[in-house]
Amino acid sequence: MFYEKETQLTEAPEWNQCPSANGTLPSCAPLAQSYVPYQEEEARKYDQREALAQGTLFPGLNLPFYKSIEGDPVPVTPLTELQALGFVLTELGLYLDSHPKDQEAFELFRQYAALEKQGKAEYEKKYGSLTQCNAAEHKQYEWVCGPWPWEIGGK
Amino acid sequence: MFVYEKRLMYPIHVKNPDPKLASLIISQYGGPDGELGASLRYLSQRFSMPYDKAKGMLTDIGTEELSHLEMVGTLVYQLTRNLSESQIKKAGFDAYFIDHTTGVYPTAASGFPWSASSIQVTGDPIADLTEDLAAEQKARLTYDNILRYCDDPDVKDVIRFLREREIVHFQRFGETLENVKEKLDHKNIYLYNPAFDRLKEQKD
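Given the structure is predicted, the values throughout are model-derived calculations rather than measurements.

**Looking at the overall build of chain B**
Okay, step 1: Each helix and strand in chain B was counted, giving eight helices and zero strands.
Okay, step 2: Secondary structure of chain B in N-to-C order comes out as α-α-α-α-α-α-α-α.
Okay, step 3: Long-range contacts, defined as pairs at least 24 residues apart, comprise 77% of the intrachain contacts of chain B with a sequence gap of at least 6.

**Some details on the overall build of chain A**
Okay, step 1: Helix and strand counts for chain A come out as four helices and two strands.
Okay, step 2: If you take every contact in chain A between residues at least 6 apart in sequence, the share linking residues at least 24 apart comes to 47%.

**Here's the deal with the confidence of the model for chain B**
Segments scoring low in pLDDT should not have their predicted coordinates read at a detailed level.
Okay, step 1: When pLDDT is averaged along chain B, the result is 96; 97% of the residues meet or exceed 70.
Okay, step 2: Under the prediction, the complex receives an ipTM of 0.96, its pTM being 0.94.

**Brief notes about the interface of chain A and chain B**
Okay, step 1: Counting residues at the interface gives 35 residues for chain A, matched by 44 residues for chain B.
Okay, step 2: Looking at the side of chain A that touches chain B, the elements with two or more residues in it are strand S2 (38-39), helix H2 (48-54) and helix H3 (78-98) of chain A.
Okay, step 3: Class assignment for the residues of the side of chain A that touches chain B results in 16 nonpolar, 15 polar and four charged.

**Quick word on the nonpolar core**
Okay, step 1: Ranked by size, the top nonpolar core spans 63 residues in total, and within it Val88 of chain A together with Ile25, Met71, Leu75, Val76 and Val158 of chain B carry the most contacts.
Okay, step 2: Put simply, the parts of the chain that give this core at least two residues each are H2, H3 and helix H4 (103-127) of chain A together with helix H1 (19-25), helix H3 (35-45), helix H4 (52-79), helix H7 (125-148) and helix H8 (153-183) of chain B.
Okay, step 3: The leading source of residues in this core is H8 of chain B, at 11 residues.

**Remarks on the environment of Ser86 of chain B**
Okay, step 1: Its place among the elements puts Ser86 of chain B in helix H5 (residues 85-90).
Okay, step 2: Separated by 32 residues in the primary sequence, Ser86 of chain B and Ala54 of chain B place their C-alpha atoms 51 Å from one another.

**What to know about H7 of chain B**
All names here are of chain B.
Okay, step 1: Spanning 24 residues, H7 covers 35 Å between terminal C-alpha atoms, matching the ideal 34 Å at 1.5 Å per step.
Okay, step 2: The complete set of buried residues in H7 reads Pro125, Asp128, Leu129, Asp132, Ala135, Glu136, Ala139, Arg140, Thr142, Tyr143 and Ile146.
Okay, step 3: Buried positions along H7 lie against H1, helix H2 (27-30), H3, H4 and H8.

**Considerations on the environment of Phe58 of chain A**
Residue and element names in this part refer to chain A.
Okay, step 1: Here Phe58 is to be found in the loop between H2 and H3.
Okay, step 2: The exposure class assigned to Phe58 is buried, which follows from the 21 C-beta atoms found within 10 Å.
Okay, step 3: Sequence separation of Phe58 and Leu82 is 24 residues, and the distance between their C-alpha atoms is 19 Å.
Okay, step 4: Dropping the residues within four chain positions of it, Phe58 is found in contact with Ser20, Ala43 and Lys45.

**Examining H3 of chain B**
Residues and elements named next belong to chain B.
Okay, step 1: The element H3 is largely enclosed, with a buried count of eight among its 11 residues.
Okay, step 2: Those residues of H3 that fall on the buried side of the exposure criterion are Glu35, Leu36, Gly37, Ala38, Ser39, Arg41, Tyr42 and Gln45.
Okay, step 3: In this structure, the buried residues of H3 make contact with H2, H4 and H7.

**Details of the packing of H4 of chain B against H8 of chain B**
Packed helices, taken two at a time, are described by the angle between their axes plus the distance between the axes.
Residue and element names in this part refer to chain B.
Okay, step 1: Orientation of H4 relative to H8, taken along the N-to-C sense of each, is 165 degrees, at an axis distance of 11 Å. Classified by the angle their axes make, H4 and H8 are roughly antiparallel. Once H4 is placed against H8, the crossing between them reads as left-handed. The segment H4 lies against H8, with Lys53, Ala54, Met57, Ile61, His68, Met71 and Leu75 engaging Val155, Val158, Leu162, Arg165, His169, Arg172, Thr176, Asn179 and Val180.

**Concerning the packing of H3 of chain A against H4 of chain A**
All names here are of chain A.
Okay, step 1: Here H3 crosses H4 at 150 degrees, and the two axes come no closer than 9 Å. Relative to H4, H3 is oriented roughly antiparallel. For the crossing formed where H3 meets H4, the hand is left-handed. Here Pro78, Glu81, Leu82, Leu85, Gly86, Val88, Leu89, Leu92, Tyr95 and Leu96 of H3 come into contact with H4, specifically with Ala105, Phe106, Leu108, Phe109, Tyr112, Ala113, Leu115, Glu116, Gly119, Lys120, Tyr123 and Tyr127.
Okay, step 2: Considering only residue class, the contact of H3 with H4 consists of 17 nonpolar, two polar and three charged.

What counts, and where the lines are drawn
Residues numbered from 1 in each chain as written. Chains lettered and ligands numbered in written order. Predicted model: local features only at pLDDT ≥ 70, side-chain atom pairs only at ≥ 80, totals over all residues. Helix = DSSP H or I, 4+ residues; strand = E, 2+ residues; numbered from the N terminus. Contact = placed C-beta atoms within 7 Å. pLDDT = per-residue confidence, 0-100. Nonpolar A, V, L, I, M, F, W, Y, C, P; charged D, E, K, R; others polar. Core = buried A, V, L, I, M, F, W, Y, C linked by C-beta atoms within 7 Å. Buried ≥ 20, exposed ≤ 12 C-beta atoms within 10 Å, placed from the backbone. Expected span 1.5 Å × (residues − 1). Axes fitted to C-alpha atoms, helices over the stretch in contact; angles between N-to-C directions. Parallel < 35°, antiparallel > 145°, perpendicular 65-115°, else oblique. Left-handed = near helix turned anticlockwise from the far one by under 90°.

Now the structure itself:
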């Protein structure tokens, strides 16, 4: 939605040339401690559907196992649309926990939060409440009505 | 506090039951490197974290792990539905069946029930976050090993998603560890335990 879908990078030499798959480390680092480079700001991002399918918003962090290289596209349904928006919020939320000063990421977080709020309200009207509290928005108490999420055809 | 949202984090629809596969995947529910241990480890470690960013990261990853626990339970539930007794015996699911029928119980694939001895809360931020980095790697390789035994695309897709989350979490715990190190004595990050020794009052 906000970012173009990016081709998945699966060959090691290409990762090494891709700045969004790399971070920075101190050039003269103290001994006897472990280091993980901070992810750079403005890293490339998938759109929300691709992010859900890949399990990450960031192409630079998409490092699959050889038995399952490609993430299959997720079928588009009202539920998966909501799951995709929710997923971007989860992923961006973790990113912001360690990069709270990245204003661009925070702006994106705000935009997705607004979309998710709107999407959730529309979903709940048609398919029932997602939280027990929101059951109050319906004429009857439908919270306990199935299918529950783990069931076939569940939410 | 926690509020339940009545949806899965990622869509799961397993068309073909496969009790043998369920008996392997159960390890990520209640095995030594599974999602139950992950959520309890992070949600418990956060209490002794002295810095705000680390408190936030452990809270948010620990919470995400609870939705992964629900996803793994869903896989086991859907893989074991509508089974006959002969299917159960043939698939080698009978040992699990004797104890739990087709209920979802937190146990390792090898039969060892979930144990808090598979996690640690040391009360030392560097040790805890280093354990968390290792924990994400151990969960990642368990998903790798599940992918070796899994041909069903409906299941593979979900395992692939969960595996990728371990890699993202590794990155975030690494950044959290960097943040903790920045707060400590630069010449010797092991000079004191900021969660216990009150040598310096530092804020995030």
